[in-house]
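Summary of the model geometry
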Amino acid sequence: MDHGIKKLLLLGAGHAHVHVLSRLAQHHPADLDVTVLTPYDFQTYSGMTPGFVAGHYTETDCQIPLAPLIRAAGARWVAGRCIGLDAQARKVRVGTHPNQTGTPSVLTYDLLSVDTGAVIDRERLEEEMPGAAQHALMVRPIEAFARLWPDVVALARRQSVSVAVIGAGAAGIELLLAICHRLQAKGMPVSRFTLLTGGGAVGANYPPGVQRRILRQLRKRGVTVLNDACVGVEPGRLHLGSGATLACDVPVLAIGTHAPPWLRGSGLELSGSGHLLVNAFQQSTSHPEVFAAGDVCTRADRPHPKSGVYAVRAGPALATNLFAAHEGQALTPHHPPERTLNLLSCGTGHAIASWGPLHAEGGWAWRWKDRIDRAFMARYTLAPA
Ligand SMILES: Cc1cc2nc3c(=O)[nH]c(=O)nc-3n(C[C@H](O)[C@H](O)[C@H](O)COP(=O)(O)OP(=O)(O)OC[C@H]3O[C@@H](n4cnc5c(N)ncnc54)[C@H](O)[C@@H]3O)c2cc1C
């Protein structure tokens, strides 16, 4: 029977959805039933993860507790992952931990919002880099990476280790510099560090001046930069595109991410790379009752880089449009910024700041980043009831 109650289902608790929840905490329409399907009772803030690796933050410093936020929003939490979506039937299949009982296997919705981030698709990875899914330390899911990182520190305390970061984008560079800072601490055995660029330049998306600054930081740390690709991973060594092998105890995989495989076959219109295609309202181009933000989607009208900054900026527009769609009101277009401030932390309380062609670096840039990141966390961290 239709009681006039509409079901809003939020998939994932990413950067934009924590904002949607905070808006619901301010105003929750009486005729809206809200469910959040997400695997953890916290949201890891990736921007602070390199700081956790470097030892500047604890793991909980980087986590937004979700229970108080979901409670304040008057929503219900279902602990699990979306593993399938049928947009025609408006049904989501739920994957849970094998020991978990009592969780519904299917959730239905009237209105759906997706902010599940990007993933490393293990099947695709296995084709591109055999052995990596089994033997490399993958940056995503970030929660699994954070759980395993202390084991690497413990190993490096006992013996010298060789660390290779595979992928020389912003995340790979920040992580490697953070790893150096942590493992080059006084009293630690001397370890070796390599950055594998995949064949391209280090920080290829940055202007040449920023690339030079990054290279200087890597040189200071004694990092070996190899313009080579990793094509296979075995315990203790990496196979490189050039045919060489590289001895490696800790391969860290920070390559670009993929669209979640469960979007395939959902019936939703997807981009060429398999991401959920949305219009200027962050609304699916094929299904008007579906919205999305963050790395899981691509703007059809105005594609932009996938980064946390863009996901954060989409939050307010997503919330406004979800409310408007629920009330049958006109939607408001979201204008992502042309360029964003980039603050690349170098592990040592030092960061490189860039905005378009302008760039500079120093301890001030790190303190700036620290202030921005802590302010983001504080905005969405509510006291437990
Ligand atoms: C080490 C590192 C450092 C980074 N630093 C920066 C930075 O400084 N600045 C920046 O702009 N970008 C940075 N990025 C990129 C940034 O992490 C991503 O662009 C950002 O996280 C995307 O946000 P999102 O909201 O799309 O998804 P996410 O932040 O990934 O959130 C996804 C949410 O969905 C949940 N989820 C995942 N799968 C499912 C599923 N199947 N079903 C239900 N829930 C699911 C997750 O648990 C999580 O709650 C960094 C990335 C890394 C790896």
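By convention here, each chain's residues receive numbers from 1 onward along its written sequence. Local features in this predicted model are restricted to residues of pLDDT 70 or higher, and side-chain atom pairs are both shown and tallied only at a pLDDT of 80 or more, whereas totals for entire chains, interfaces and linings draw on every residue. Remark: hydrogens and water are excluded; side-chain values derive from all non-hydrogen atoms of the structure.

Notes on the domain arrangement of the chain
Note the following rule: These domain limits were set by an automatic method or by a database of domain assignments.
We note that the domain assignment places domain 1 (6-39 + 80-118 + 259-338) and domain 2 (122-256) within the chain. Here the C-alpha centroids of domain 1 and domain 2 sit 32 Å apart.

Focus: the sheet that holds strand β1 (residues 6-11)
Backbone hydrogen bonds hold the strands of a sheet together, and the pairing may be parallel or antiparallel. Keep this limit in mind: Pairing between two strands requires that DSSP report at least two bridges joining them. Helix and strand definitions follow DSSP, with helices as H or I runs of at least four residues and strands as E runs of at least two, each counted in order from the N terminus. Fitting a line to C-alpha atoms yields each axis, with helices limited to the stretch in contact; the angle taken between N-to-C directions then spans 0 to 180 degrees.
Pairing in this open sheet of five strands is parallel, and the strands run β5-β2-β1-β9-β19 from one edge to the other. One side of each edge strand has no neighbouring strand; the edge strands of this open sheet are β5 (76-79) and β19 (290-292). In this sheet, neighbouring strand axes are inclined to one another by 20° on average, regardless of whether the strands run parallel or antiparallel. Here β1 pairs with strand β9 (residues 111-114) via four bridges, running parallel. Paired with L9 across the two strands is L112, which belongs to β9.

Structural notes on the side chain of T194
Keep this limit in mind: Throughout, exposure labels follow a simple rule: accessible area from a 1.4 Å probe, protein chains only, divided by the maximum for the residue type, with under 20% read as buried, over 50% as exposed, and the rest as partly exposed. Should any heavy atoms of two residues lie within 4.5 Å, those residues are counted as being in contact.
Its location among the elements puts T194 in strand β12 (residues 192-196). By relative accessible area, which is 10% here, T194 ends up buried. Aside from chain neighbours lying at most four places away, what touches T194 is V163, A164, V165, L176, V223, T224, L226 and L246.

A short note on the sheet that holds strand β22 (residues 351-355)
Strand order in the open sheet formed by three strands is β21-β22-β23, and the pairing between neighbours is antiparallel. Two strands close off the open sheet at either side, each with one partner strand: β21 (342-345) and β23 (358-362). For this sheet, the mean inter-axis angle between neighbouring strands, taken without regard to orientation, is 15°. For β22 and β23, the ladder comprises five bridges, and the chain directions are antiparallel. Opposite S354, over in β23, you have H359 as the bridge partner.

Notes on the site of the ligand
Put simply, the test is: It suffices for a single heavy atom of a residue to lie within 4 Å of a molecule or strand for the residue to be listed as near it. The term polar contact refers here to a pair of N or O atoms within 3.5 Å; inside protein, the definition further demands a hydrogen-donor-capable atom paired with an acceptor-capable atom, and it admits residues adjacent in sequence only when both atoms are side-chain atoms. What sets the accessible areas is the Shrake-Rupley method with a 1.4 Å probe; for residues, cover comes only from the shown protein chains.
Around the ligand, 30 residues are found, and the nearest of them are Q43, S46, C82, D115 and D295. At 2.9 Å, a backbone N or O of H15 approaches an oxygen atom of the ligand. The side chain of K369 places a nitrogen or oxygen atom 3.5 Å from an oxygen atom of the ligand. In the complex, the protein chains occlude 88% of the 1,000 Å² of accessible area that the ligand would expose alone. Two domains each provide a minimum of three residues to the shell around the ligand, namely domain 1 (6-39 + 80-118 + 259-338) and domain 2 (122-256).

Comments concerning a nonpolar patch on the surface
This is how it is decided: Only residues above 30% relative accessible area that lack a salt bridge enter a patch, with like-charged residues linked at up to 9 Å and the nonpolar side chains Val, Leu, Ile, Met, Phe, Trp and Tyr linked at up to 5 Å. Counted as salt bridges are all cases of a side-chain nitrogen of Lys or Arg within 4 Å of a carboxyl oxygen of Asp or Glu.
On the surface, W364, W368 and I372 cluster together into a nonpolar patch covering about 280 Å² of accessible area. Here W364 shows up in helix α10 (residues 363-380). Among the residues examined, W364 registers a relative accessible area of 40% and is labelled partly exposed.

Observations concerning the pattern of salt bridges
A complete count under the given rule lists 10 salt bridges for this structure. In the salt-bridge network here, residues are joined through shared partners; they are R213, R216 and E361.

Some details on the nonpolar core
For clarity, the cut-off: Working definition of a nonpolar core: buried Ala, Val, Leu, Ile, Met, Phe, Trp, Tyr and Cys residues. They are joined through side-chain atoms within 4.5 Å.
Grouped together as the largest cluster of nonpolar side chains are 75 residues, with contacts concentrated most on L21, I179, L183, I214 and V252. Here this core gets eight residues from one element, more than from any other, and that element is helix α7 (residues 170-183). Each of domain 1 (6-39 + 80-118 + 259-338) and domain 2 (122-256) gives at least three residues to this core. The contact partners of I214, leaving out residues within four places of it in the chain, are I173, V202, Y206, L344 and I352. Of all hydrophobic cores here, the second largest spans 22 residues; its members include L11, L112, W262 and V296.

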